[in-house]
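# Geometric and topological summary
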Amino acid sequence: MSFGCAAVETSATAGRGGAPAGTAGSGGGRINIGGFGGSSTSGGGCVNLQCQQDSCARGACTQTTCTNGGKTTVSGVVFDPAGKTPLYNVVVYVPNEPLADITTGATCDTCASPYSGRPIAAALTDSAGRFSVEHVPVGDNIPLVIQIGKWRRAVTIPSVAACADTPVDASLTHLPRNRGEGHIPRIAIANGGSDALNCLLKKIGVDAAEFTSESGAGRINQYAGLNAPTTNADGTTLTGTSTLWGSAAGMKAYDIMLLSCEGNDNSGAGAAPAAMRQAVKDFADAGGRVFGSHWHNAWVFNGPAPWPTVAKHASGAHGFTSDITVPIVTSFPKGMAFAEWMVNVGGSTNFGQMVIHGAEHSVDSTDEGAQSWIAGTDAQNGKPMVQYFSFNTPVEVAPAQQCGRVVMSDLHVSASAAAGMPSDSGKQPFPSGCVTTDLTPQEKALEFMLFDLSSCVMPDDKPPSTPDVGYIEQF
């Protein structure tokens with residue numbers, strides 16, 4: 001992610017959307033940084049919080065270089081909204097200007113797009129969720145932003161000591177649970193009778209009040225798909241998925257679309273007309289993110305060209321009646337991080353392997369343009385199988401121009417509990433079907449995938465890089 005772009009905008013229209021100065025996303029997370037009358041000083045000296053950094057070298061610096069190679073740092077661990085599971089590849093930074101709102105809806109942003117607030121110190125979380133930001137401004141009430149894709153929370157560190165490390169309390173480093181804590185991407189969930197992705201979002205900590213109809217203010221909107229209830233437990237009627245998929249413009253009002261397995265590949269999504277398939281592709285090509293569970297791979301295999309070429313449909317698709325162990329693909333940077341993360345969060349007991357309950361085999365392999373994440377050999381028929389794959393969109397353009405993302409998974413939330421244990425159900429009205437509170441190992445893998453889907457788009461063969469923080473020159 002490059003923060004040192006030419007033509008960085010003012011706080012009223014900074015990168016990733018425009019908003020009133022001082023806000024930190026929709027509905028909350030306000031931070032205040034003094035002295036923001038302008039962004040430059042004569043002679044190109046330090047500006048605002050830059051003057052409080054131990055790396056300050058020009059202008060009215062209030063700090064000096066630390067002795068013996070020391071640095072002023074803040075450190076901690078970033079967690080999911082529930083505050084339970086540490087997260088990988090989250091950007092943590094100190095802004096030097098008020099943040100702008102994040103634009104809601106499909107937008108063509110990549111990892112080369114600037115972050116808001118002209119960051120002056122930044123870091124990425126590792127596979128244990130840990131971060132350490134160097135050259136943090138010294139003083140009281142230092143702003144800190146935690147962001148992955150369009151999930152963003154802005155907090156204030158009470159005090160940062162010079163030339164020492166300041167641990168950030170975990171209460172400040174979880175992603176937002178509601179609009180009052182920060183910005184949450186607008187997510188459409190197509191409910192299906194054979195999976196419960198709505199329950200996954202609830203378990204990772206999104207507040208129940210954020211689950212509303214599409215006409216409500218909540219950031220999570222549910223639609224009734226095949227074999228799923230047409231109402232919530234409170235009696236709220238759900239709009240059908242055909243309305244969602246029938247309009248590219250309607251889908252583009254969302255950032256992410258989660259598609260719960262419907263249990264049938266011949267009806268519902270499996271029988272969607274060509275116009276709907278084109279609309280879903282248009283959403284992804286415009287920068288939208290699509291997560292499809294099991295039979296929703298019909299959007300790929302029966303979709304517009306060139307989507308059917310990114311993977312090979314299994315000729316003898318079937319389910320497994322017992323648990324299987326499948327390798328995690330570690331031949332690319334994020335795959336290696338995923339394998340490390342799964343061990344760190346208790347999702348895997350053996351590095352590079354995960355146990356899948358209720359597994360399916362509907363994909364044999366991926367082709368150029370797609371990346372397998374969990375893949376192995378089907379012991380029942382000796383064929384290769386892919387449990388999870390992703391590809392960036394538009395497929396037909398150069399990687400640097402791609403800004404959307406599609407992922408397909410044969411892992412199910414509703415099938416992830418061990419035999420004899422309660423399991424969430426997509427057949428019950430929400431939230432009555434959500435009967436568990438802790439993530440299973442399989443659901444932890446799905447949580448990793450959800451936040452990777454949310455993150456900025458980049459080629460999968462490249463490792464995420466620590467954001468650049470350029471010196472603010474005079475404009």
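Above this note sits the structure.
First, a word on what this report is: a plain description of the structure on this page.

About the criteria used
Residues numbered from 1 in each chain as written. Predicted model: local features only at pLDDT ≥ 70, side-chain atom pairs only at ≥ 80, totals over all residues. Heavy atoms only, no water. Helix = DSSP H or I, 4+ residues; strand = E, 2+ residues; numbered from the N terminus. Buried < 20%, exposed > 50% of the residue type's maximum accessible area, 1.4 Å probe, protein only. Contact = heavy atoms within 4.5 Å. Areas by Shrake-Rupley, 256 points an atom, 1.4 Å probe, with all protein chains shown as cover. Pairing = 2+ DSSP bridges. Axes fitted to C-alpha atoms, helices over the stretch in contact; angles between N-to-C directions. Polar contact = N/O pair within 3.5 Å; in protein donor to acceptor, adjacent residues only side chain to side chain. Disulfide = S-S within 2.5 Å. Expected span 1.5 Å × (residues − 1). Phe/Tyr/Trp six-rings, centres within 6.5 Å; stacked < 30°, edge-to-face > 60°. Lys NZ or Arg CZ within 6 Å of the ring centre and 35° of its normal. Salt bridge = Lys/Arg side-chain N within 4 Å of Asp/Glu carboxyl O. Core = buried A, V, L, I, M, F, W, Y, C linked by side-chain atoms within 4.5 Å.

## Notes on the overall build of the protein chain
Helices and strands together make up the secondary structure of the protein chain, namely 7 helices and 19 strands. Relative to its full complement of 475 residues, the protein chain shows a buried share of 58%. Here the contacts in the protein chain between residues at least 6 apart in sequence split such that 73% fall between residues at least 24 apart. Summed over its atoms, the accessible surface of the protein chain is roughly 17,100 Å², and 52% of this surface lies on carbon and sulfur atoms.

## What about the sheet that holds strand 5 (residues 139–148)?
Sheet architecture is open: 4 strands sit in the order 3-2-5-6, paired in antiparallel fashion. Edge positions in the sheet fall to strand 3 (121–124) and strand 6 (151–160), since each has one partner strand and no second. Averaged over all pairs of adjacent strands, the angle between strand axes in this sheet comes to 20 degrees, irrespective of strand direction. Where strand 2 (residues 91–94) meets strand 5, 3 bridges bridge the pair, whose relative direction is antiparallel. Bridge pairing links Tyr93 to Val145 in strand 5.

## A few points about the side chain of Glu97
Position of Glu97 relative to the elements: it lies in the loop between strand 2 and strand 3. Here Arg118 takes part through its side chain, which lies 3.3 Å from a polar atom of the side chain of Glu97.

## Some thoughts on the state of the cysteines
Put plainly, two cysteines are in a disulfide when a covalent bond ties their sulfur atoms together. Counting across every chain of the model gives 6 disulfides. The disulfide bridge from Cys108 ends at Cys403, spanning 2.0 Å between sulfur atoms. Note on the Cys108 and Cys403 pair: the S-S dihedral is about -100 degrees, so by sign convention the disulfide is left-handed. Note that Cys108 is positioned in the loop between strand 2 and strand 3 and Cys403 in the loop between strand 18 (384–393) and strand 19 (404–409), a separation of 295 residues in sequence. With a relative accessible area of 0%, Cys403 lands in the buried category. The disulfide that involves Cys199 links it to Cys434, with 2.0 Å between the sulfurs. When the S-S torsion is -85 degrees, as for the bridge of Cys199 with Cys434, the disulfide is left-handed. Here Cys199 is found in helix 1 (residues 197–203), whereas its partner Cys434 is found in the loop between strand 19 and helix 7 (441–454), with 235 residues between them in sequence. The pair formed by Cys199 and Cys434 is uniform in burial state, with each residue classed as buried.

## Structural notes on the environment of Tyr93
Relative to the helices and strands, Tyr93 is located in strand 2. Under the relative-accessibility criterion, Tyr93 is labelled buried at 0%. Between the C-alpha atom of Tyr93 and that of Ile146, which follows or precedes it by 53 residues, the distance is 6.8 Å. A polar contact is formed between the side chain of Tyr93 and the backbone oxygen of Ser116, at a distance of 2.8 Å.

## Overview of helix 4 (residues 274–285)
Three- or four-residue spacings in an α-helix give side chains the same orientation, since the helix completes a turn every 3.6 residues. In a regular helix each residue adds 1.5 Å, so 12 residues correspond to 16 Å; helix 4 covers 16 Å between its end C-alpha atoms and thus fits that length. Among the residues of helix 4, those classed as buried are Met276, Arg277, Ala279, Val280, Lys281, Phe283, Ala284 and Asp285. Looking one or two residues beyond helix 4, the residue adopting positive phi is Gly287, at roughly 110 degrees.

## As for the packing of aromatic side chains
Any pair of aromatic rings gets described here by the distance separating the centres and the angle formed by the planes. Per the counting criterion, the structure on display carries 14 aromatic pairs. Seen from their ring centres, Trp373 and Tyr388 are 5.9 Å apart, and the 80 degrees between their planes marks the pair as edge-to-face. Within this pair, whereas Trp373 is found in strand 17 (residues 370–377), its partner Tyr388 is found in strand 18, the two being separated by 15 residues in sequence. In this structure Trp373 comes out as buried when scored by relative accessible area, which is 1%. Owing to a relative accessible area of 1%, Tyr388 belongs among the buried residues under this scheme. Taken together, the ring pairs in this structure connect Tyr88, Phe332, Phe338, Trp341, Trp373, Tyr388 and Phe448 into an aromatic cluster. Looking at Arg186, its charged tip hangs above the ring of Tyr254, at a distance of 4.1 Å from the centre. Its end group placed over the ring of Trp299, Arg277 keeps NZ or CZ at 5.6 Å from the ring centre.

## Considerations on the pattern of salt bridges
As enumerated under the stated definition, the model contains 14 salt bridges in all. Note that Glu97 and Arg118 form a salt bridge whose closest N and O atoms lie 3.3 Å from each other. With Glu97 in the loop between strand 2 and strand 3 and Arg118 in the loop between strand 2 and strand 3, this pair connects stretches of sequence that are 21 residues apart. Residues Glu97 and Arg118 agree in their burial class; the two are buried. Note that Lys334 is salt-bridged to Asp452, the shortest N-O span being 2.8 Å.

## Some thoughts on the nonpolar core
In terms of nonpolar packing, the biggest core is built from 105 residues, with Trp245, Met257, Phe338 and Ile374 touching the most fellow members. Ranked by residues supplied to this core, first place goes to helix 7 with 7 residues. The residues contacting Phe338, other than those within four sequence positions of it, are Ile328, Trp373, Ile374, Ala445, Phe448 and Met449. With 8 residues, the next largest nonpolar core counts Val91, Leu99, Ala122 and Leu124 among its residues.

## What about helix 7?
In this model helix 7 runs 20 Å from its N-terminal to its C-terminal C-alpha over 14 residues, within 8% of the 20 Å that 1.5 Å per residue would give. Burial within helix 7 is extensive, with 13 of its 14 residues counted as buried.

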